[in-house]
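# Examination of the molecular architecture
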Amino acid sequence: MCADTPDYKDTLNLPKTDFPMRAGLPKREPGWLERWNEIGVYDRLREEAGDRPPFTLHDGPPYANGHLHIGHALNKTIKDMIVRSHQMMGHDARYIPGWDCHGLPIEWKIEEQYRKKGKNKDEVPVIDFRQECRSFAEGWIGVQRDEFKRLGITGNWADPYLTMDFHAERVIAEEFQKFLMNGTLYQGSKPVMWSPVEETALAEAEVEYHDKESFTIWVKFPVTEFRLPEADVSDEEMSDEEREGIAAAKAEARDALVGAKVVIWTTTPWTIPSNKAVVFGESFSYGLYEVTGTPEECWANVGERFILADKLAAQTFAKARLEEGQWRRVRDVTSAQLAGLTLQHPLAGVEGANGEWDDARDFRAADFVTDEEGTGFVHCAPSHGMEEYELYRGLGMLDRVITYNVMDDGSFREDLPFFGGTRILKANGKEGDANKAVIDKLVEVGGLLARGKIKHSYPHSWRSKAPVIFRNTPQWFAAIDRPVGDGQDQNGKTIRERALTCIDQVKWTPKTGRNRLHSMMEGRPDWVLSRQRAWGVPLTCFVKKGARPTEPDFLLRDEKVNARILEAFEAEGADAWYKDGAKERFLGNDYDASEWVQVFDILDVWFDSGSTHAFVLRDRPDGTKDGIADVYMEGTDQHRGWFHSSLLQSVGTTGRAPYRNVVTHGFTLDEKGNKMSKSLGNTIVPEEVVKQYGADILRLWVAQADYTADQRIGPEILKGTADSYRRLRNTLRFMLGALAHFEEGDRVAREEMPELEQWVLHRLAELDEVVREGYRAFDFQHVFQQVFQFCTVDLSAYYFDIRKDALYCDGDTERRRAARTVMDLLFHRLTTWLAPVLVFTMEEVWLERFPGEQSSIHLQDMPETPADWRDPALSEKWQMVRRARRAVTAALEVQRSEKVIGASLEAAPVVHVEDEAMLAALKTVNFADLCITSDISLTGDPAPQEAFRLPEVENVGVVFERAEGQKCQRCWKILPDVGTHSHPDTCARCDEALG
RNA sequence: GGGUGUGUAGCUCAGGUGGUUAGAGCGUACGCCUGAUAAGCGUAAGGUCGGAGGUUCGAGUCCUCCCACACCCA
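Residues numbered from 1 in each chain as written. Chains lettered and ligands numbered in written order. Predicted model: local features only at pLDDT ≥ 70, side-chain atom pairs only at ≥ 80, totals over all residues. Heavy atoms only, no water.

Chain A carries the name Isoleucine--tRNA ligase in an unreviewed UniProt entry, which gives Allosediminivita pacifica as its organism. You can read under Subunit (unreviewed entry) in the UniProt record for chain A the words "Monomer." For chain A, the Sequence similarities (unreviewed entry) comment in UniProt is given as "Belongs to the class-I aminoacyl-tRNA synthetase family. IleS type 1 subfamily." (UniProt positions renumbered as here; feature names shortened; annotations may be inferred.)

## Some thoughts on the pattern of salt bridges
Applying the stated rule across the entire model yields 75 salt bridges. Residue Arg329 pairs with Asp310 through a salt bridge whose shortest N-O separation is 2.8 Å. Taken together, the residues span a long stretch of sequence, with Arg329 in strand β12 (residues 327–333) and Asp310 in helix α9 (residues 310–319) at a distance of 19 residues. For Arg329, a relative accessible area of 34% translates into the label partly exposed. You can call Asp310 partly exposed: its relative accessible area is 21%. For Arg870, the salt bridge is made with Glu769, and the minimal N-O distance between the two is 3.0 Å. In this pair, Arg870 sits in the loop between α27 (839–849) and α28 (872–897) while Glu769 sits in helix α24 (residues 755–776), placing the two residues 101 residues apart along the sequence. With relative accessibility at 41%, the residue Glu769 sits in the partly exposed group. Three or more residues are tied together by salt bridges with common partners; here these are Asp805, Asp810, Arg815, Asp929, Lys973 and Arg989. (Salt bridge = Lys/Arg side-chain N within 4 Å of Asp/Glu carboxyl O. Helix = DSSP H or I, 4+ residues; strand = E, 2+ residues; numbered from the N terminus. Buried < 20%, exposed > 50% of the residue type's maximum accessible area, 1.4 Å probe, protein only.)

## Describing the packing of aromatic side chains
As enumerated under the stated definition, the model contains 40 aromatic pairs in all. On the basis of an interplanar angle of 70° and a centroid distance of 5.7 Å, the ring pair of Phe179 and Phe607 is categorised as edge-to-face. Of this pair, Phe179 sits in helix α6 (residues 166–182) while Phe607 sits in helix α18 (residues 605–610), and the two are 428 residues apart along the sequence. Of the two residues, Phe179 and Phe607, both sit in the buried class. Note on Phe827 and Trp846: the rings are 5.9 Å apart at their centroids and 25° apart in plane angle, and the pair reads as stacked. A residue pair is termed long-range when its members are at least 10 positions apart, and Phe827 in helix α26 (residues 814–834) and Trp846 in helix α27 qualify at 19 residues. (Phe/Tyr/Trp six-rings, centres within 6.5 Å; stacked < 30°, edge-to-face > 60°.)

## Some details on unusual backbone geometry
Put simply, Thr509 and Pro510 share a cis peptide bond, and its omega is -5°. Position of Pro510 relative to the elements: it lies in the loop between β18 (507–509) and α15 (512–523). Within the chain, Phe778 stands out as a residue other than glycine whose phi angle is a positive 60°. Structurally, Phe778 can be placed in the loop between α24 and α25 (780–809). Among the residues examined, Phe778 registers a relative accessible area of 3% and is labelled buried.

## A look at the sheet that holds strand β28 (residues 910–913)
If you trace the 4 strands from one edge of the open sheet to the other, you get β29-β28-β31-β30, paired in mixed fashion. What marks the edges here is a single partner per strand, and that holds for β29 (937–939) and β30 (948–950). Each adjacent strand pair in this sheet contributes to an overall mean axis angle of 25°, direction not counted. As defined by bridge partners, β28 adjoins β29 across 3 bridges and the pair is classed as parallel. Along β29, the bridge assignment pairs Val911 with Leu938. Sheet strands touched by α28: β28, β30 and β31 (953–959). Its angle to β30, the strand with the most contacts, is close to 130°. (Pairing = 2+ DSSP bridges. Axes fitted to C-alpha atoms, helices over the stretch in contact; angles between N-to-C directions. Contact = heavy atoms within 4.5 Å.)

## A word on helix α22 (residues 695–704)
Among the 10 residues that make up α22, 9 are buried, leaving the element largely enclosed by the rest of the structure. Within the sequence span of α22, burial applies to Ala695, Asp696, Ile697, Leu698, Arg699, Leu700, Trp701, Val702 and Ala703.

## A closer look at the protein's contact with RNA strand B
Around RNA strand B, the structure places 47 residues, and the nearest of them are Gly673, Gln704, Asp706, Arg733 and Gln789. Those atoms of RNA strand B that come within 4 Å of the protein belong to sugar or phosphate at a rate of 82%. Within the backbone of Gly673, an N or O atom sits 2.4 Å from a sugar or linking oxygen of RNA strand B. At a separation of 3.2 Å, a sugar or linking oxygen of RNA strand B approaches a polar side-chain atom of Arg896. Elements supplying a minimum of two residues to the surface near RNA strand B: α23 (715–738), α25 and α28. Broken down by element, the surface near RNA strand B gets its largest block of residues, 11 residues, from α25. Tallied by class, the residues present in the surface near RNA strand B amount to 14 nonpolar, 13 polar and 20 charged. (Near = heavy atom within 4 Å. Polar contact = N/O pair within 3.5 Å; in protein donor to acceptor, adjacent residues only side chain to side chain. Nonpolar A, V, L, I, M, F, W, Y, C, P; charged D, E, K, R; others polar.)

## Section: the domain arrangement of chain A
Per the domain assignment, the segments making up chain A are domain 1 (9–19 + 712–870), domain 2 (51–171 + 611–665), domain 3 (213–456), domain 4 (541–598) and domain 5 (887–964). A C-alpha centroid distance of 91 Å is found between domain 4 and domain 5. (Domains from an automatic or database assignment.)

## Focus: a negative patch on the surface
Together, Asp240, Glu241, Glu242 and Glu244 give the surface a local cluster of negative charge. Tracing the sequence through the fold places Glu241 in helix α8 (residues 240–257). A residue is classified by how much of its surface remains accessible, and Glu241, at 68% relative accessible area, is exposed. (Patch = residues over 30% accessible without salt bridge, like charges linked within 9 Å, V, L, I, M, F, W, Y side chains within 5 Å. Areas by Shrake-Rupley, 256 points an atom, 1.4 Å probe, with all protein chains shown as cover. Lys, Arg positive; Asp, Glu negative; His and termini not counted. Charge placed at Lys NZ, Arg CZ, Asp CG, Glu CD.)

## Quick notes on the pairing of strand β11 (residues 305–309)
Most of β11 sits out of view: 4 of its 5 residues are buried. Pairing analysis gives 2 bridges linking strand β8 (residues 261–266) to β11, with the strands arranged parallel. Across the sheet, Lys261 pairs through a bridge with Phe306, a residue of β11. Pairing geometry for strand β10 (residues 286–291) and β11, over 5 bridges, is antiparallel. Of the residues in β11, the one forming a bridge with Gly287 is Leu308.

## Focus: the sheet that holds strand β17 (residues 469–478)
Sheet strands pair via backbone hydrogen bonds, and the direction of the pair is either parallel or antiparallel. Pairing in this open sheet of 4 strands is antiparallel, and the strands run β6-β5-β17-β19 from one edge to the other. On the outer flanks of this sheet lie β6 (200–202) and β19 (527–528), each paired with one strand and no other.

## Focus on the confidence of the model for chain A
Looking at chain A as a whole, the pLDDT averages 92, with 98% of positions reaching at least 70. Across the whole predicted complex the pTM is 0.89, and at the interface the ipTM reaches 0.96. (pLDDT = per-residue confidence, 0-100.)

## Thoughts on the side chain of Lys190
Note on placement: Lys190 falls in strand β5 (residues 185–195). Here Lys190 occupies a buried position and makes no salt bridge, while the nearest side chain of opposite charge, Glu390, is found at 4.4 Å. Residues in contact with Lys190, not counting those within four places in the same chain, are Met386, Tyr389, Glu390, Arg471, Asn472, Thr473, Phe477 and Val528.

## Concerning the pairing of strand β9 (residues 277–280)
Side chains of β9 alternate between two faces, with Ala277 and Val279 and Val278 and Phe280 buried alike. As paired elements, β9 and strand β14 (residues 362–365) share 4 bridges and run parallel to each other. Opposite Ala277, over in β14, you have Asp362 as the bridge partner. As paired elements, β9 and strand β15 (residues 377–380) share 4 bridges and run antiparallel to each other. What sits directly across from Ala277, in β15, is Cys380.

In structure tokens:
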């Protein structure tokens, strides 16, 4: 540049904006939150909803306990993006956040506080205890609400739903009463972990495992009979010889097996009196063994025969003190033969037993038998073991195998022969006398083969540190295969039938959710509704004193009693159940209170949350018309949790599902795909991310991940997310700069625009469909990826790069006005499309252009796309143009790397186009502008040998030529006419622009 | 131990019904620009498609087994 050439920089229309390149989100986000609060965005959208179609995402309530972790953040962010995107697509999208308030973890915390103060829970009145639980939950609700809001989650935070609201407690009780009245409620029993010391049932989370030394015994169960299945000899095809052979073999086996003893091994001798069966493993190899010699002290006799798993025989005999050579294997025992055996309890027929154990024991194969330890046979006391209980429940034989031998305090019932009154554990938790009594009796009757002690991991009470036992306890169940009988049978008669039918009326995202829930529903047992706890909604019912559960008038079913309970709960909460005189109050004058027992179990908290559809969707003014939610959205673990209990509950009370869509997200893992844990030090806490990067980065991480599967998060991933954010932010910043002082009068109609602008509009029309379809399918990842790539590939690297020349250097030309019109249209679309994800940043961008106290992107809808923007023919033409451009750009790159040129404006290449259609197309556009060269020549002549070609762009050869002329000091193009105009060192265009 | 699901470049993801040298963006390296400047443009490197068998003329895509991780259950 000559010394006397003016500096033209100030005469250009350079981008002008105060929008900062760096966001400073952690500091600035709270300001926008404050602003939305002042505007009252959520409420205003509700007020202005008019006849917008409603859209309701029903919140699955988090547990009101502790600070938020990354899973909470993921969960609520997805929900928020669903709600916001539907709002902006034209719905009235409502969202009422909720909290799950009742239940064990809160009870614990309160008990823990008691222990610190040296107080005992049992000495505190229940109502006081419940009140403390309530305040505890309230405290955490406040904390979590603030933490959720900080993430930019919108919703009715002023009036959330709580499962401990009085109305909620009333509805939960009311829903329970529906099960009471329609006959699906019944009392049964089930083995649970029971602490004899505290005389209470324990949940899995309330036990801890410690090493414990236990008695271990090997017990003989005599074989009394052997019978092969009839089918074996009645086969018509069989010859007489075969028949005789089988009969002979059968007789031989019978001689060998009857009188032999099946040996079981157990570490809980006290369960032997409750034994009802023995099971074996179908695939193990078993043998018949005979004792051929014995040492001095031994409980086996010469000639005694035992059936054992071959793999475990030697070690069993060793425990019985037999030495090598004092026993021999006689023969195989096949599983078919095992199945033909009949067993007897070792105490059968013993004098003084009063026939207690005389019935034949059930004997069959089961899949929980192991051949790793023991004998290959497992003794079953289904009252004291989960696996055995499940086995016999599945067989429908529970009534034959359930015993009631063990009392609350761990003692045997008084009338149990030999052992009545003995205790498994003493009151102080130490070993009682029951095990010894059982062992002694077995020795006395010759029922024991061996004994020993073993150290093993065993569950202990978290509170008393004493060992626990498995014990069947009375519990309340909802029968899921019994006809409900409420007349709402359009989807089936029983709860299970209805649930299975309804699953197929729901849309599952991802689709695999359907099968997950379906298989669970097919296989699940009756719903155990009762918990022996204090903080929750009680099972509001009465049972007749002295009546058995099977008697028809066992349960009190009276609408008037129910109504009194509900009225009290509505006004006073479920505490009313625990107040003095509650029984008399609710039973009223119609019943003699002394004849009825008030039930004090509380409902499974899954029943609470399973009922939210009733007290939220059905009952709230901002619920839904039909009580059904458009969407339930939770983690995949909720197939067994909330999706499951909500469906069971809803189907049992309304006959249909409470949701139309079920969306699930996976779990959040660390960067390597492992579970996060404090001990591994790989946890990412939302609060930290917000502090370091801002909530928008966390939200963007959610949008970039495939949330339907497990996702990963970690320092590197967050850094990548922040990088993407910056790229996008700068693109928006450029738009803002280009739009400075844009006015309505500058607007140019589509048909007046250059084709390049029309092509951008075509892309916008395409994207509009992608965005809306994506949001409707809850597929944020696809939406964001498409929009983001559009911004980088189509805008930043192409359209913006090309139009910088016109935007900066043109005077008030139609070309420039068209470009700015497109910028404006882009602005409205990009901001609204991205607002559901980047709630803070899009507000910032929006306010930069449309400041104002009441202004907010979140009050906007996504603009409709005019039908004529879509122009497939134009699009096809411009794909061709862009292909040719790629060849030119690549050709220039060669010159650049060889230091022939720096900027592309130094070039004016000759482009040989050997395709007529392409040549014709290129001639209709300003190809030099598109390639950002000072000039370009188009020719149909065949390209010379030395021309540059791209293998993927056929029929185009580029011959490099340097641009002729001088550099225009204003627009930097190199043109021949520079210097011939009134403004020194300018080209014609710039000269005119300068006026 | 059982059931379900996931596994494609450093990162986030595309890859209808099996068919040419497996794609994109980000990041990285290098170059250009210095009028989007702690920015912008371009080029390049980078993958035994978790592993091993099998079906097929041909498999990231179908089948079997295995491995890793996760969730649910026992």
